[in-house]
Structure formats: C-alpha cells, structure tokens
Amino acid sequence: MNEIEDLLVIYNVHLEPEHVVKKRSVDQPLRISLYYDDSVYGLSTEKYELIHETVMPSAVSYWQQALMVRRTESVIRLNRRCEKNQVFLIKGEPHPFCKNKCEQVTMCGEVQVPEEHLHVSTRARRGPIAGHANLCPGSISTKVQELETLISTVKHEILHALGFSISLYAFYRDDDGNPLTNRTENGKPMLNEVLQARQWSDRVIKRIQRPKWHVRGGVTLKEVNMVVTPRVREEVRNHFNCADLEGAELEDQGHEGTALTHWEKRVFENEAMTGTHTQNPVYSRITLALMEDTGWYRANYHLAQPLKWGRHLGCTFAMSSCKEYMEEQTKKGKSIHPFCNKVKRDPLETDCTEDRSSVALCNLIEHKNQLPPHYQNFGAIPHVPLHKVGHYGGSVALADYCPYIQEFTWKSKDVIIRGSHCQFGENSPDPERNFALESYTRDSKCFNQQKEWTERKCYSIRQWQHWGSGCYQYMCADGRLHIIVANHTYTCYHANQVINISIFQNGWLHEGAIICPPCEEICEEEDMVCKRGTEPPKSADYYRDQLLCKGTNLQVLQSLIVLPIVCHMLQMYIYYSLRF
C-alpha cells in the first residue's frame, strides 16, 4: 500500500449554533478545498504533476460526488490555538476560552494553517472537521498500473478526515441530529485517557464476544469491536447474507492509527478502508453507509464499487475464524475460496482473485517463528509436516494470518518484470514466453486453467513451470460468456465447462484448457441476462489447430524429446514477490 505517514483530524471548528445547523437539509454537495504545504513543491516535476493534476483532483472529485452535506451560511474557519493550550470555562457557557491569548501560529500536524483559514475569536466551538495528511514521497509511484491504488490511498486518507476516525466516533448523530453519545457539561463526550480520544457509546461501536473461536487445537475467546449503526448493520447483513451479524467488524491489530480506525482485513479484505491495500481496493456500500451514519452526510450509492470478497458467504464467514469456515466448507465438499491452503512449490499453481481482476497466488507462507495460538488457522496443511503447521499462515498479519488468494508481481533477480493485474497491457508476458496465449487488456479478466500448458513442435515439447490461471479477453453477448484466446472466440454454455485450446502461434502448437466460470459472475456487471446453462450443441465449432509432421508415425511421436526451459526463463517464472 502507498502509506500515509501522518493523519491529523481537527474537530473543534467555529460554526453556526447547533440548532440552526440541524434545521438545514442535507442536500448540498460537499466542497473540498486543497491547500498544499511548501514541501509539495519540492517533489520532482513528474511526481508533482501526477499529484497536482491527477491524483488529488480525482480523489477530491470522488468524495464531492459521493457525499452531500448540510449547507451553512457562514464561512467555516479553524480555531486558533490557545497559548500553552491553557483554557477556562465560564459558567453557563459550554465552550472554553483561551486563558491568556492565542498562539501566533496555529499548526495542523506539521503544516502551518494559513491566516485566512483561522477564526478571529478565541472561543472554541463544536462543528465540522478539518484534517491534514502527510504523503510519503517515496510511496508516490508514477507507473500507470499503480495509479488507481495511489488515488485510492489518497481517497482513503480524506475519508479518515471526513468521519472514519477514532477521534470522531463519539460525535456521530442520528437522523434527527441528536448525538449518539451523551455529552458532559462542557458539551463534549467523556475523554478516554488510554486512547486520548472522546469515548463513544455502544450505539456507535459495541464490543462483542466470540466465546468459541476455532483455532488449532480447540477454541478460544475472541473479542471484536463492531460498528453497529443502523445503515452499516443493514449493509453488512445484506452483503454476507447473515441476519444475525451485529455490525461491521473493526481492525484489532496494527500500530496507532490502524486498530479501530479501519475495517477488519480478514472480513473485508479489499475494501479500501481496511488497514492496508493489498489488491484492487474498492469503496463499497458499507463504507458509504458509515458516512451516512455519522449524521453529517447523505451518500450517493450509485458511486459505490462492488465488493465481491465474502459476498453472500454466510454467517460463518463473517462471524467465525477462517479455520472454522474452511473446515465447514471442506465437510460440505465445497471450495474454501477465497481462503486457500496451497503452499507455493513447483510446479507453481496460480489462481484468480475473487473479482477475477488478477492472476493470483495463495499467500500461505512459512513464518520464522510459530504464530500466536489465536492466529494458528490450520490443523493440517497439504505437503507440510505436522510439527511445522503452527509456523504457517497468510502473509498479511492484519487479516489474522488467514491465507487468501492475492495478486503479485513477477521478479527476476529482485527486479520487477511485470504485475499480475489483467487490465494493464504492461503486464503482458513476452510473446516468446506467452505459453498460455494470455492477453492483458482493459477487456480482460482472469480465468482458471484445467491442466498444465505445453508447447509442441514435431520433435520437441516444452512444459512450463507454472499454470492454473491466466488473463484473457472476454465479451458478454447473446446471453452467453465468450472467452477470446489468440483472436479465436470460445463460447461458454455452462459453469465449469472445460474448453480445450490448441492453437499454433510463434512456431509452436500451444495446448491447454480453460474452465468457464458462471456466466453471471462475469456478465452481471454488464447488465446482461445470462441464458440457463446447457451442454454445447453438437454444431458448436471450437477452433483447434493440429500439428502435422511429414513422415511422422506413432513410433516417432512416442520418442519426442521433452526439452527443459533454459535457466533464465526458469528464473523469470519461479521468482515472484507477493504484494503486501
């Protein structure tokens, strides 16, 4: 993830009296003004133009379209800091005053607040919020394939300032504008000395006990913090198809600024408001629902992005350990997807991400030390000695070490060759090494392969060192999903249909097989109604090349030599690095 070094939220901002604001309807577009600290101008020209002309405008525009706010008559300004932070209260006045005088300079984190942004009064009032974020220059990538993630990262930090923050939960309100957390005499919620934040009520976040959390060797007690506001609760219940789900689970790991301020990675993996971006981040209806439940906004749900992780997978997935979910699925004879239990070994077997945007690997790895007992998610793992099982878990700690399918990058001698996201042409394999005839375009998705691919000539065969999935163009037409391989179109008639491929290209006959996913899984996003699955008609004409060798007989075919891939090609296809 492109990390943000620092985020500061200020919520004591001068505004009109509360009873005036409450009367105003939430029907005004959100307006965000950008102010750059001088340090921004120290970036290289390429990075400055990327930030100024593309990243920031895109991030700001999204939230301005996604959220509506209450209109105010007066100009909103920040309060000046009191000298030495010394304040006093006047009886009958809920707002504190500076004891001596205001500071000459008011800072927002590391940034000096411009004079024109400050209020002239020394009185501190309640109201909306302001924030500052510090973007690490080294995390700014100018690569095209990294742009969406960079924009998403900035959108992520803006949303913390707008409401998804531990310092703001206690200030949430209901639809009538009433506080969800009781106020003290000074008009503020009580202070939590440990968190150094105002303590919210259990109408916002509630601590829930899971007394039978399945781990290796038995069960343990797990406590989770759940956002239980009305819209969030409704959205997560619909998403997971679980009527018993209390709310949306918050992250319980990470440093200050991660725990309690993001969605739980195990439950929401690629939702953009989890604590780290690992692949294809999306802003779902669940996050927009949280913004509505602040009481400050109305959300445009048409801008919500589809979250496929965990969709309709039930209460066990949403409320239990990944160990329990995987074991329950296995007993039913069903796939444990999106979790996985494949240790990386030769030949390397890839898979597809949940949304089929990328070729992916199971991120199950061996950790140097044995994992803490409550993060040991396996009783046994194929090809792993029993005494070593406790060392194995997913590479993403925030996901409770649950292993899952994750996109990655190909490397050779620690140099990134290409990524595994299907929609970036930069990730296309070299034509001479494109053994599975993949195609990386904006119209491509990941499809699973049924067997290892081979390349054949009359007197030689090449077998490649990885298989399992690949990127191919597709189209949705006439109620069917069609997969395009090397400009030849193959129609899918039902889920799990195996399409055998035999195409002559670059002097070799490429042979393999692609598995059709359910039509709805791909084409429902394009609003096409899929026809019910049937067997391919006898008239179905699937293109297949044949290798005809002059004078070849069965005896010669049986003596074909299997040629190993040369060392430098092995390096390219075996060395890889997971992105986490």
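These numbers come from a predicted model, not from an experiment. (Residues numbered from 1 in each chain as written. Predicted model: local features only at pLDDT ≥ 70, side-chain atom pairs only at ≥ 80, totals over all residues. Heavy atoms only, no water.)

In total, this model carries 21 salt bridges according to the counting rule given. Here Lys308 and Glu525 are joined by a salt bridge, their closest N and O atoms 2.9 Å apart. Of this pair, Lys308 sits in the loop between β16 (297-299) and α7 (315-319) while Glu525 is found in the loop between α9 (519-523) and α10 (554-558), placing the two residues 217 residues apart along the sequence. Given a relative accessible area of 16%, Lys308 falls into the buried group. Beyond isolated ion pairs, a larger network of salt bridges with shared partners links Lys222, Glu249, Asp252, Glu264, Arg266 and Asp400. (Salt bridge = Lys/Arg side-chain N within 4 Å of Asp/Glu carboxyl O. Helix = DSSP H or I, 4+ residues; strand = E, 2+ residues; numbered from the N terminus. Buried < 20%, exposed > 50% of the residue type's maximum accessible area, 1.4 Å probe, protein only.)

Relative orientation of the contacting elements helix α2 (residues 45-66) and helix α3 (residues 147-162) amounts to 50°, with a least axis distance of 9 Å. The angle between the axes of α2 and α3 places the two elements in the oblique class. Once α2 is placed against α3, the crossing between them reads as right-handed. Contact residues: Leu50, Thr54, Val55, Met56, Ser58, Ala59, Val60, Tyr62 and Trp63 in α2; Leu147, Leu150, Ile151, Val154, Lys155, Ile158, Leu159 and Leu162 in α3. Tallied by class, residues from the contact of α2 with α3 come to 14 nonpolar, two polar and one charged. (Axes fitted to C-alpha atoms, helices over the stretch in contact; angles between N-to-C directions. Parallel < 35°, antiparallel > 145°, perpendicular 65-115°, else oblique. Left-handed = near helix turned anticlockwise from the far one by under 90°. Contact = heavy atoms within 4.5 Å. Nonpolar A, V, L, I, M, F, W, Y, C, P; charged D, E, K, R; others polar.)

Under the defined criterion, the tally for this structure stands at three cavities of 30 Å³ or more. Considered as a void within the structure, the largest cavity measures approximately 50 Å³ in volume. Considering the residues around the largest cavity, the lining is formed by Trp213, Lys222, Arg266, Ser321, Cys322, His374, Tyr375, Asn377, Asp400 and Cys402. In terms of residue class, the lining of the largest cavity is made up of four nonpolar, three polar and three charged. Put simply, the second largest cavity is a space of about 40 Å³. (1 Å grid on protein atoms, 1.4 Å probe; cavity = no way out; pocket = protein on both sides within 12 Å on 5 of 7 lines; lining within 4 Å. Points joined across faces, edges and corners; volume = space filled by probe spheres on them.)

Let us now look at the sheet that holds strand β24 (residues 444-448). Where strands meet in a sheet, backbone hydrogen bonds hold them as pairs that are either parallel or antiparallel. Across the sheet, which stays open at both edges, the four strands sit in the order β24-β28-β29-β30 with antiparallel pairing between neighbours. Each edge of the open sheet is held by one strand with a lone partner, namely β24 and β30 (488-492). On average, each strand axis in the sheet is inclined to that of its neighbour by 45°, with strand direction left out of account. Both strand β29 (residues 480-485) and β30 contribute to a ladder of five bridges, which runs antiparallel. Bridging across to β30, Val485 finds its partner in His488. (Pairing = 2+ DSSP bridges.)

A word on the confidence of the model for the chain. Taken as a whole, the chain shows an average pLDDT of 84; of its residues, 81% reach a score of 70 or greater. With pLDDT under 50 throughout, residues 1-11 is counted as low confidence; its partners more than four residues away or in other chains account for 52 contacts. Low pLDDT, under 50, characterises residues 121-127; the predicted model gives this stretch 28 contacts beyond four residues in sequence or across chains. (pLDDT = per-residue confidence, 0-100.)

This part covers helix α6 (residues 285-293). Of all nine residues that make up α6, eight are buried, and the element is covered over most of its length. In the stretch just after α6, Gly295 is the one whose phi turns positive, near 85°.

Judged by how many residues are buried, strand β32 (residues 508-515) sits mostly within the fold: six of eight residues are covered. By the bridge criterion, three bridges tie strand β25 (residues 454-457) to β32 in an arrangement that is antiparallel. Paired with Glu455 across the two strands is His510, which belongs to β32. Inspection of the sheet shows strand β31 (residues 498-505) paired to β32 by eight bridges, in the antiparallel sense.

Here we take up the packing of aromatic side chains. Per the counting criterion, the structure on display carries 24 aromatic pairs. Residues Tyr62 and Trp63 carry aromatic rings whose centres are separated by 4.8 Å and whose planes lie at 80° to one another, so their mutual orientation is edge-to-face. Where Trp309 meets Phe317, the ring centres are 6.0 Å apart and the plane angle is 65°; that geometry is what we call edge-to-face. Of the two residues, Trp309 and Phe317, neither departs from the other in class, the shared state being buried. Feature note: the residues Phe164, Phe240, Trp263, Phe268, Trp309, Phe317, Tyr325, Phe339 and Tyr404 constitute an aromatic cluster, connected by ring pairs. The aromatic ring of Trp213 is capped on one face by Lys222, whose charged end is 5.3 Å from the ring centroid. Between the NZ or CZ atom of Arg462 and the centre of the ring of Trp508, over which it lies, the distance is 4.2 Å. (Phe/Tyr/Trp six-rings, centres within 6.5 Å; stacked < 30°, edge-to-face > 60°. Lys NZ or Arg CZ within 6 Å of the ring centre and 35° of its normal.)

The amide bond that connects His337 to the next residue, Pro338, takes the cis arrangement and shows omega of 10°. Assignment of secondary structure puts Pro338 in the loop between α8 (322-331) and β17 (348-349). Backbone geometry at Tyr401 places phi at a positive 60°, although glycine is not the residue there. Mapped onto the elements, Tyr401 comes out in the loop between β21 (392-394) and β22 (405-412). Overall, the relative accessible area of 17% leaves Tyr401 in the buried class.

It is worth spelling out the pairing of strand β23 (residues 415-419) at this point. Pairing of β22 with β23 involves four bridges; the strand directions are antiparallel. Pairing of Thr409 across the sheet is with Gly419, part of β23. Connecting β22 to the next strand, β23, in antiparallel fashion are two residues, including Lys413 with a positive phi near 55°.

Mapped onto the elements, Asn377 comes out in the loop between β20 (364-366) and β21. On the basis of relative accessibility, which here comes to 5%, the residue Asn377 falls in the buried class. Only 3.2 Å separates the side chain of Asn377 from the backbone oxygen of Tyr375, close enough to count as a polar contact. Reaching out from Asn377, the side chain makes a polar contact with the backbone oxygen of Asp400 at a distance of 3.1 Å. When sequence neighbours within four positions are dropped, the list of residues in contact with Asn377 reads Cys322, Lys323, Met326, Asp400, Tyr401 and Cys402. (Polar contact = N/O pair within 3.5 Å; in protein donor to acceptor, adjacent residues only side chain to side chain.)

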